[in-house]
Amino acid sequence: MIESLLVANRGEIARRIIRTAKRLGIRVIAVHSEADADLPFVAEADEAVLIGPPNPALSYRNTEAILAAAKSTGAQAIHPGYGFLSENAEFARTVEASGLIWVGPDADAITAMGDKINARNLMAAAGVPVAPGTTDPAADLDAAVTAAAEIGYPVMVKAAAGGGGMGMGVAADEATLRTEYDKVRAFAERMFGDGSVLIERYFPRVRHVEVQILGLADGRVVALGERECSVQRRNQKLVEESPSPAVSPELRSRLLAAAVRAGEAVGYRNAGTVECLLDPATGEFFFLEMNTRLQVEHPVTEYVYGIDLVEEQLRVASGLAPTFDPAALTPSGHAIEMRINAEDPKRFLPGPGVIRTWVEPTGEGVRVDSGYTEGNTVTPFYDSLLAKLIVSGATRDEALDRAKAAVAAFQIEGPKNNVPFFAELLTNDEFLSGAYDTSIVSRMR
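Got a minute to help me understand the pattern of salt bridges in this structure?
Note that side chains of opposite charge can pair when their charged atoms are close. Here the structure, examined in full by the defined rule, presents 39 salt bridges. Across the salt bridge formed by Arg16 and Glu302, the nearest N and O atoms sit 2.6 Å from each other. Of this pair, Arg16 sits in helix 1 (residues 11-23) while Glu302 is found in helix 10 (residues 298-305), placing the two residues 286 residues apart along the sequence. Exposure remark for Arg16: the relative accessible area of 2% places this residue in the buried category. Classification of Glu302 by relative accessible area gives buried; the value is 6%.

Even after reading the chapter, I still don't get the packing of helix 3 (residues 63-73) against helix 4 (residues 89-97), so can you show me in this structure?
The description of two packed helices rests on the angle between their axes and on the distance between the axes. Viewed as axis vectors pointing N to C, helix 3 and helix 4 meet at an angle of 25 degrees, and their least axial separation amounts to 11 Å. As summarised for this structure, helix 3 and helix 4 are arranged roughly parallel, according to the angle between their axes. Classified by chirality, the crossing of helix 4 by helix 3 is right-handed. In this structure, helix 3 contributes Thr63, Ile66 and Leu67 to the contact, and helix 4 contributes Phe91, Thr94 and Val95. By residue class, the composition of the contact of helix 3 with helix 4 is four nonpolar, two polar and no charged.

When you look at helix 11 (residues 309-317) in this model, what are you seeing that I'm missing?
The element helix 11 is largely enclosed, with a buried count of eight among its nine residues. Within the span of helix 11, buried status applies to Leu309, Val310, Glu311, Glu312, Gln313, Leu314, Arg315 and Val316. A side-chain oxygen of the first residue of helix 11 lies 3.0 Å from the backbone nitrogen of Val310; this N-cap is Asp308. Taken from the residues just after helix 11, Gly319 is the one with a positive phi, measuring 80 degrees.

Each value, and the rule that gives it
- Counting of residues starts from 1 at the beginning of each chain's written sequence and follows it residue by residue.
- At least 70 in pLDDT is required for a residue's local features to be given in this predicted model, at least 80 for side-chain atom pairs to be given and counted, and no such filter applies to totals for whole chains, interfaces and linings, which use all residues.
- Each side-chain value is derived from all of the structure's non-hydrogen atoms; neither hydrogens nor water enter the calculation.
- By definition, a salt bridge exists where a carboxyl oxygen of Asp or Glu is found within 4 Å of a side-chain nitrogen of Lys or Arg.
- We count a stretch as a helix when DSSP gives it H or I for four or more residues in a row; a strand needs E for two or more, and each element gets its number in order from the N terminus.
- For every residue, the accessible area obtained with a 1.4 Å probe (protein chains only) is divided by the maximum for its type, and the residue is called buried under 20%, exposed over 50%, and partly exposed between those limits.
- Axis angles are defined between N-to-C directions and span 0 to 180 degrees, where every axis is a line fitted to C-alpha atoms and, for a helix, only to the segment in contact.
- Small angles under 35 degrees read as roughly parallel and large ones over 145 as roughly antiparallel, with 65 to 115 read as roughly perpendicular and the rest as oblique.
- By definition, any crossing whose near helix is turned counterclockwise from its far helix by less than a right angle is left-handed, and any crossing with a clockwise turn is right-handed.
- Contacts: residue pairs with any heavy atoms within 4.5 Å of one another.
- Gly is put with the polar residues, along with every residue not named as nonpolar or charged; the nonpolar set is Ala, Val, Leu, Ile, Met, Phe, Trp, Tyr, Cys and Pro, and the charged set is Asp, Glu, Lys and Arg.
- Here a polar contact is recorded for every N or O atom pair within 3.5 Å, except that within protein the pair must consist of a potential hydrogen donor and a potential acceptor, and residues adjacent in sequence are included only if both atoms are side-chain atoms.

And the structure:
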């Protein structure tokens, strides 16, 4: 097993990784910006290194500073968490070239799945269903218009190098397409350094379902069930649950088999997620993208399968067998995760500030993965995620009952937060029925 680990991230995910690593007896090094010096993850690590100012480009995305911290502390491995450098193939290559262990998939897999057009084509060749769309970037606006006419409106305009719900627009007609194409292309060039754009069929009423995969050290790829991720705002997830209330045993079998094929197609190792769009009316699903990292919502899979995904990541990176028998994976119960964000619960606009009160819910089947505590300051420099509230139960109904009680008990004063939104969602008949889709939040607003 790895003996020392540098966590190249912050907030709740850094804290989450630190917790498992310390349980396994691994010495943990945290890196942090000036803005995060007082956050819990810094104090909980065995050692902490200041790597730069608040601007993430000068700290959490500063590869030279992170590698210097690893060298000065004698770290053996680097875990990137999610976001920041987690899906940066060049960083992964540099880490390994420096003689360190990269806790994640290899750089070639990150590269292969990081470009959405390349990923679509790879998946189609591997027999994974893909939505109708372009097989090459739409080189200019005329090419986009031609492609959309062939695919049929409405269409999704997507940044080929995008991710996390960013760099996407919907066009119901040619006039809208002309506007969205220029907008997405400019955004992609600014954010990702790559203005390539693809055009796909847009499905107004679909569900967003993803499959957790794990590429083992021996070369096998296993699927650890699916997660329902259809409660979203601005194409970004707010709630995830496992198993999906929309997935039958027959559909689950097809979904998991397709996800395994996707992983095998790129020789995948470590944790990853195959994201799909599901048409609930027909049971058809289409490959959306593959996230080559640990997902924010991994705790719901941990509950249902009774495993620690961070531990499994560390075991794969160490060349060790998993803690479970891949041939005897048995899910049990139901789990729901709610992303507690520092944002207005109505318009979902960021609301940083000093946390005056922070009281986490407790009880059977309740877990809180938090990045902050009372007295901390939520700054505007990073993602608005404060914590993840995860509940589990023997059934979905039991998990929902625990979710209602936990949300009512979660007290946060200071920064704006979306806890009231979850209280509203948990009384929404559409959500409670399980028959919801990605437009549920827009209907609530």
